[in-house]
Amino acid sequence: QVQLVESGGGLVQAGGSLRLSCAPSGSITSIETMGWYRQAPGKQRELVAVIVSGGGTNYADSVKGRFIISKDNAKDTVYLQMNSLKPEDTAVYYCNAEKITLYRDGTYYTQLTCWGQGTQVTVSS
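First, a word on what this report is: a plain description of the structure on this page. All values reported here derive from a predicted model rather than from experimental measurement.

1. Considering the packing of aromatic side chains
With the rule as written, the count across this model stands at 2 aromatic pairs. Residues Tyr-37 and Trp-115 carry aromatic rings whose centres are separated by 5.0 Å and whose planes lie at 65° to one another, so their mutual orientation is edge-to-face. Of this pair, Tyr-37 sits in strand β4 (residues 28–39) while Trp-115 sits in strand β10 (residues 107–115); the two residues are 78 residues apart in sequence, bridging distant segments of the chain. Above the face of the Tyr-79 ring, Arg-19 is positioned so that its terminal group lies 4.2 Å from the ring centre. In this structure, Arg-45 is placed above the aromatic ring of Tyr-37, and the distance from its NZ or CZ to the ring centre is 5.7 Å.

This is how it looks when you write it as structure tokens:
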């Protein structure tokens, strides 16, 4: 069972910065895609940023130029650097992993998706 442990959320003033971290745990061989989603009160969950194993990235239009997703390939840890934060960025941020390959008892398994528990980001005006 893969687990994603998120950290780095908190309270920050508008214009400030935060860096979120997502650390997978388990006997992981590879992860095809990792990303960050967020859900604000009364709104649908939305994609924030995604990074694939080859290094390619994609961002929501609302965060382009402000947020940067990166990955420590040795640890499979993914980061989201959030700059120039706005009150509308306030949400619970969730780490996501897709197509996770694990090795257990001499056998490879694939877990299609995994979600972290979420970390709260609050931006005050």
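2. Concerning the pattern of salt bridges
A complete count under the given rule lists 6 salt bridges for this structure. Here Arg-38 makes a salt bridge to Glu-46, at a shortest N to O gap of 2.7 Å. On the accessibility criterion, Arg-38 (5% relative accessible area) is buried. When its relative accessible area of 33% is taken as the criterion, Glu-46 is described as partly exposed. Put simply, Asp-89 and Arg-66 hold a salt bridge, and the shortest N to O gap is 2.8 Å. Residue Asp-89 is found in the loop between β8 (77–82) and β9 (91–104), and its partner Arg-66 is found in the loop between β6 (57–59) and β7 (67–72); the two are separated by 23 residues along the sequence. Comparing Asp-89 with Arg-66 shows no difference in burial state: the two are buried. In the salt-bridge network here, residues are joined through shared partners; they are Arg-38, Glu-46, Arg-66 and Asp-89.

Parameters at a glance
- Residues numbered from 1 in each chain as written.
- Predicted model: local features only at pLDDT ≥ 70, side-chain atom pairs only at ≥ 80, totals over all residues.
- Heavy atoms only, no water.
- Phe/Tyr/Trp six-rings, centres within 6.5 Å; stacked < 30°, edge-to-face > 60°.
- Helix = DSSP H or I, 4+ residues; strand = E, 2+ residues; numbered from the N terminus.
- Lys NZ or Arg CZ within 6 Å of the ring centre and 35° of its normal.
- Salt bridge = Lys/Arg side-chain N within 4 Å of Asp/Glu carboxyl O.
- Buried < 20%, exposed > 50% of the residue type's maximum accessible area, 1.4 Å probe, protein only.

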